[in-house]
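Okay, here's what each chain looks like letter by letter:
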Amino acid sequence: MKYKITRRDFLNGMAIATGTGLLTPAELFAQTSTGGQHVVYPPTLTGIRGNHLGSFETMHALAWGGQKPASHRKLDEHYDMVIVGAGVSGLAAAWFYQKTMGPDAKILLLDNHDDFGGHAKRNEFHHRGRMLLGVGGSVNVDTPSDWSEISKGLLDDLGIDIKAMIANTDEITLLSASDDNLLAFPGPKGHVKVRGKWSQLMLGLGDYESAVRALPLAATEQGKLVELLSGERDYLDDLSLSEKQAYIESVSYAQFLTKRVGLAEETISIFFPVPKLMFGPAGLRVSVMEAFYLGCPGVQGMDWLGKLAAQLLESQMTGSESLYFPDGNASLARLLVHKLIPAVAPDTIGFDDIAVSRFDYAALDQKTHSLRLRLNSTVVGLRETGEDVVTVDYVRDGKAVSVSGDHCVLACYNGAIPYICPQLPERQKEALGYGVKVPLVMTNVLIDNGRAFAKLGGGQVTCPNDPYVVVTTAPATTTGGHQPPRGPDDPMVIYMLGVPSVTSTGIETSHDLLKAARRNVYATTFNTYEQEVREQLQGLLGEHGFNHETDIKAITVNRWPHGYAYEYMSLDDPKWPKGQAPHELGRAQFGRISIANSDSEARAYLDAAIDAGWRAVAEQLAYTQRQG
Ligand SMILES: Cc1cc2nc3c(=O)[nH]c(=O)nc-3n(C[C@H](O)[C@H](O)[C@H](O)COP(=O)(O)OP(=O)(O)OC[C@H]3O[C@@H](n4cnc5c(N)ncnc54)[C@H](O)[C@@H]3O)c2cc1C
């Protein structure tokens, strides 16, 4: 999910938490059952989700140890198109291909997870007779008016009613509706919270001085902050205009704050929640310029730069448009799957009831359907073979098998492609391995009732010094037929956005920080995540009667060690000539194989994933035409 101030808006093993320990099997069953029948329904699984156990081991064995099965049993399955990755990009590619080639086109989608959607997944809870939804990864449809005609066309194909989405979210009352948000800091007696419209206060709008004076900081630090937020001082007044420009592009914001503004290391954390939500742990490496694009203070007092800052921020604040399904972009992935395989939910209409419809996962991969979606399948090899077909090797349930296709679209991770497809040119493989996906952890916590959260007030709590940088509610919208909590007595889902912490000595590049954080995410156990969640929520809500031991009913940790697509950063990435950036070199077509996914656009957004899906399909359609 990405943030309001820019386009990115807003705000081991299985274990389910209760106050006294893990849930009993009966309680677990309550989360995963329907009609008295035991079924595994992926959206209702709790504990560690996202890149869950079982989804990554095969690929890691290949990437880290070069290990893969010696041979693959050939299945009697040939497809017109095989797509690797059933995230939004792969699903969109399937839709574009089917739309062009007709409903009889034989398509196979393979994904290494037990659920489809890639990052666009949902968490579904059932408690006290209500269904509660949470966002498992990707959150909002971000400013679709700016999208390409292709991406907008896909929204139309899916019947997505943008006006209704806006109205559905505006109409309903958030549990703790308020324009204010809270800045919160852990303290010995719970969190110290300071209320305010912080995104505006940070830019010197409103009574920023009183708000700053309420922060738990030494008076000298408060004084420096007040001066910074006033926007009246030019901290680079010893530099010429061109030197200033060079400075803001080449110096980190952290260094600017400590060296030029004179703030202590401990104080500057209050400016990093937004950079971290945008760049993950690499947010520590944003330049002054990038920080200013994200709404951080500091350049307002710098003559023409200050004016530019004001204009840019105004256009960002008025020009962005954030649309929500109650389960984030999972509903979009579900709409795609429903369109491709209607049998997954035969009674579902579409946009109006997608959020509440229950999918039949057994229908995803049926012999009788021309389009099949096969989960728990990790692709480990891909090659054009003599007979003008692509052979695709994959591992499922420990068995090594292969299928063939006329065409293949790789809608998986860029970093995985060189291992799957070692025959690509060396330069292309190097380019594919350049970006490091941004690790993130998004956790949903089912709470028995929303009373303490409502008393806390403020739709969003920003916690610069906690494991979870933002604590808020699941999107409260009626879109897709969903009924959000009607009031504080109803159960609710608290949504927590975490940026894995890494120690930075100041010399690490963004690539180093992202890799270190990824290792941390894989190494962190559910117990640690659970403890962090409990401590942070108790600190925030304890004074309002919250008791984590009795109020928390389930915790789902969506860990994304391979999260956002890498977006270039000015301190660590060169400026490449057009067409020469790693993502552009990496996505070159290779005969019957094309590359989709948001990595191939170097943009971590839905429309990038959709556009990439279309590009890859168009390349393959053109290839067929060329072959006559
Ligand atoms: C936590 C989080 C929040 C986000 N929030 C937003 C948001 O609010 N708005 C927005 O527009 N974007 C958001 N994004 C960006 C999001 O990544 C894109 O919008 C989009 O969903 C990416 O789709 P994709 O298909 O390119 O990649 P993915 O969703 O990553 O799908 C690729 C799929 O390929 C699978 N795969 C990889 N290797 C293999 C293999 N060898 N074999 C089989 N399968 C494989 C992967 O496991 C995955 O399921 C967010 C991302 C994250 C991680």
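Computed from a predicted model, the values in this text were never measured in an experiment. (Residues numbered from 1 in each chain as written. Predicted model: local features only at pLDDT ≥ 70, side-chain atom pairs only at ≥ 80, totals over all residues. Heavy atoms only, no water.)

## Some details on the packing of aromatic side chains
- Considering all chains together, one arrives at 17 aromatic pairs under this definition.
- Ring centres 5.7 Å apart and planes at 20° place the aromatic pair phenylalanine 116 and tyrosine 361 in the stacked group. One end of the pair, phenylalanine 116, is in the loop between strand S7 (107-110) and strand S8 (122-127); the other, tyrosine 361, is in the loop between helix H14 (330-340) and strand S14 (371-374), and 245 residues separate them in sequence.
- We classify phenylalanine 116 as buried; its relative accessible area is 4%.
- Through successive ring pairs, a cluster of aromatic residues spans Tyr235, Tyr247, Tyr253, Phe256, Phe271 and Phe272.
- The positively charged end of arginine 334 is found above the aromatic ring belonging to phenylalanine 359, 4.3 Å away from the centroid.
- The ring centre of tyrosine 41 lies 3.7 Å from the NZ or CZ of arginine 358, which sits over that ring. (Phe/Tyr/Trp six-rings, centres within 6.5 Å; stacked < 30°, edge-to-face > 60°. Helix = DSSP H or I, 4+ residues; strand = E, 2+ residues; numbered from the N terminus. Buried < 20%, exposed > 50% of the residue type's maximum accessible area, 1.4 Å probe, protein only. Lys NZ or Arg CZ within 6 Å of the ring centre and 35° of its normal.)

## Concerning the pattern of salt bridges
- Summed over the entire model, instances satisfying the criterion amount to 28 salt bridges.
- A salt bridge links arginine 122 to aspartate 327; the nearest nitrogen and oxygen atoms lie 2.8 Å apart. On the criterion of sequence distance, the pair formed by arginine 122 in strand S8 and aspartate 327 in the loop between strand S13 (322-324) and H14 is long-range, its members being 205 residues apart. Accessibility classification places arginine 122 together with aspartate 327 in one group, the buried group.
- For the salt bridge of arginine 128 with aspartate 448, the shortest nitrogen-to-oxygen distance reads 3.3 Å. Residue arginine 128 is found in the loop between S8 and strand S9 (130-135), and its partner aspartate 448 is found in the loop between strand S18 (438-447) and helix H17 (451-456); the two are separated by 320 residues along the sequence.
- Taken together, the shared-partner salt bridges connect Glu77, Asp365, Arg372 and Arg374 into one network. (Salt bridge = Lys/Arg side-chain N within 4 Å of Asp/Glu carboxyl O.)

## So, the domain arrangement of the protein chain
- Under the domain assignment used here, the protein chain contains domain 1 (17-64 + 117-177 + 325-329 + 438-564), domain 2 (72-112 + 376-433 + 572-627) and domain 3 (217-319).
- Taken together, the 22 residues of domain 1 in the interface contact 13 residues of domain 3.
- Interface of domain 1 and domain 3: buried area, both sides summed, is about 1,200 Å²; carbon and sulfur atoms make up 73% of it.
- On inspection of domain 1 and its partner domain 3, the count reaches 0 salt bridges.
- At the surface where domain 1 touches domain 3, the tally comes to 3 residue pairs in polar contact (both at pLDDT 80 or more).
- Going through the elements one at a time, S18, strand S20 (468-473) and helix H18 (510-523) are the ones with two or more residues in the side of domain 1 that touches domain 3.
- Here the side of domain 1 that touches domain 3 takes 4 residues from H18, the largest share from any one element.
- Classifying every residue of the side of domain 1 that touches domain 3 gives 14 nonpolar, 7 polar and 1 charged. (Domains from an automatic or database assignment. Contact = heavy atoms within 4.5 Å. Buried area = accessible area lost by both parts, 1.4 Å probe. Polar contact = N/O pair within 3.5 Å; in protein donor to acceptor, adjacent residues only side chain to side chain. Nonpolar A, V, L, I, M, F, W, Y, C, P; charged D, E, K, R; others polar.)

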